[in-house]
Amino acid sequence: MIDYDGEAADYDRTRGGEPRAIAAAQAVSALLPASVRTVADVACGTGIVTAHLVAPGRLVTGFDRTKGMLDKAASRLPGRLARADATALPLLAASVDAVVLIWLLHLLPDAAPVIAEAARVLRPGGVLITTVDKDEAPFGPASDLATATAPFRARHAARTDDRDRVIALGAAHGLRVVGENGFPGLGQGRTPARWLAAAEQGRLRWSPPTELDAVRHALTALPGRRVPRPDPWYRLLALGR
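Presented here is a report on the structure given in the accompanying data block. Since the structure is predicted, the reported quantities are computational estimates derived from the model, not experimental observations.

All right, on to unusual backbone geometry then. Most peptide bonds adopt trans geometry, and most residues besides glycine take a negative phi value. Look at Ala43: it is not a glycine, yet its phi comes out positive at around 60°. When you line up the elements, Ala43 lands in the loop between β1 (38-42) and β2 (59-64). Residue Ala43 is classed as partly exposed on the basis of its relative accessible area, which comes to 27%. For Asp133, which is not glycine, the phi dihedral falls at a positive 55°. Mapped onto the fold, Asp133 is located in the loop between β5 (122-132) and α6 (144-156).

This next bit is on the nonpolar core. In this structure, Val42, Val99, Leu101, Leu105 and Leu128 are the most contacted members of the largest nonpolar core, which totals 26 residues. No other element matches helix α5 (residues 112-121), which puts 5 residues into this core. Apart from the residues within four sequence positions on either side, Val42 is in contact with Phe63, Ala86, Leu89, Val99, Val100, Leu101, Ile102 and Leu104. Within the second largest apolar cluster, 25 residues are counted, among which are Leu32, Val39, Leu53 and Phe183.

The subject of this paragraph is the packing of helix α8 (residues 192-200) against helix α9 (residues 212-220). Between α8 and α9, the least distance of the axes is 9 Å, while the angle of their chain directions is 170°. With respect to their mutual orientation, α8 and α9 come out roughly antiparallel. Contacts between α8 and α9 pair Pro192, Trp195, Leu196, Ala199 and Glu200 from the former with Leu212, Val215, Arg216, Leu219 and Thr220 from the latter. Partitioning the contact of α8 with α9 into residue classes produces 7 nonpolar, 1 polar and 2 charged.

In this structure, Ser143 sits in the loop between β5 and α6. Sequence separation between Ser143 and Pro228 is 85 residues, and the spatial gap between their C-alpha atoms is 11 Å. Within polar-contact distance, the side chain of Ser143 engages the backbone nitrogen of Leu145 at 3.0 Å.

Considering all chains together, one arrives at 17 salt bridges under this definition. Between Asp85 and Arg65 there is a salt bridge whose closest N-O contact spans 3.2 Å. Remark: Arg65 occurs in the loop between β2 and α4 (67-73) and Asp85 occurs in the loop between β3 (81-83) and β4 (96-101); sequence separation between them is 20 residues. A salt bridge links Arg229 to Asp144, with the nearest nitrogen and oxygen atoms 2.6 Å apart. Here Asp144 lies in helix α6 and Arg229 lies in the loop between α9 and β7 (233-240), a separation of 85 residues in the sequence. What you see here is one network of salt bridges that share partners, running through Asp133, Arg159, Asp162, Arg163, Asp164, Glu180 and Arg235.

Quick notes on the rules
Along each chain, numbering runs from 1 in the same order as the chain's sequence is written. Residue-level local features of this predicted model are given only where pLDDT is at least 70; pairs of side-chain atoms are given and counted only at 80 or more, and the full residue set underlies all totals for whole chains, interfaces and linings. The basis for every side-chain value is the complete set of heavy atoms in the structure, and neither hydrogens nor water enter the calculation. Going along the chain from the N terminus, every DSSP run of H or I of four or more residues is numbered as a helix, and every run of E of two or more is numbered as a strand. Each residue is assigned to one of three classes by its accessible area relative to the maximum for its type, calculated with a 1.4 Å probe on protein chains only: buried under 20%, partly exposed between the two thresholds, exposed over 50%. By nonpolar core is meant a set of buried Ala, Val, Leu, Ile, Met, Phe, Trp, Tyr and Cys residues that side-chain atoms within 4.5 Å join together. Here a residue-residue contact requires only that any non-hydrogen atoms of the pair lie within 4.5 Å. Throughout, an axis means a line fitted to C-alpha atoms (over the contacting stretch in the case of helices), and angles, computed between N-to-C directions, take values from 0 to 180 degrees. Working definition: roughly parallel below 35 degrees, roughly antiparallel above 145 degrees, roughly perpendicular at 65 to 115 degrees, and oblique for all remaining angles. Charged means Asp, Glu, Lys or Arg here, nonpolar means Ala, Val, Leu, Ile, Met, Phe, Trp, Tyr, Cys or Pro, and polar covers whatever is left, Gly included. N or O atoms within 3.5 Å of each other form a polar contact, as long as, within protein, one can give a hydrogen and the other can take it, and as long as residues adjacent in sequence are counted only when both atoms are side-chain atoms. When a carboxyl oxygen of Asp or Glu lies within 4 Å of a side-chain nitrogen of Lys or Arg, that pair is called a salt bridge.

Laid out in structure tokens, this is it:
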């Protein structure tokens, strides 16, 4: 797991900043029913997306378990933050209209407890909006990065945010698919050199130490090692009652 306290200072700058946050918030907002008045943004991080979900008549609260991230979010959402784990939200049952999970499920060993907690706090008619298939986002079907890394990702990617898996977990709590959307990861087109650096820093789950030499060989063999590939496309899934 990434040290998000350590990442907090540079998180926004290295993750696409405001352009990507605005794109994410717009895509999420398009899935929110007009009746939504209360939103829980879980694992809100620096609040850069959360702040753009705020709208007239809509109360948005951010939750995160990392102090460093919440410290960064405080200026964006004064008084609307709480430190909490995604599996134990300080909310009453059936108390919010929407739960938002952006770039969370893929980090977990098991998404089931988080989906269960989101379902617990949702009111009847509420909606859960989450990113799915995040680790596949940078790899379009024609991408040379996709081809080079496919064997490693097939063996080692956790895929706890697999779309079909998330749908099944939601169905166990009475949630069904009510919408889908997506947004570009603006400024996030990766180069082979950047992927290799991430692998060497131990930041890629599909590149364990035992396969680092093979990953290095696959990535250094690609042309244009410092040429960014197309921006990723992130998928959103909305589950409701």
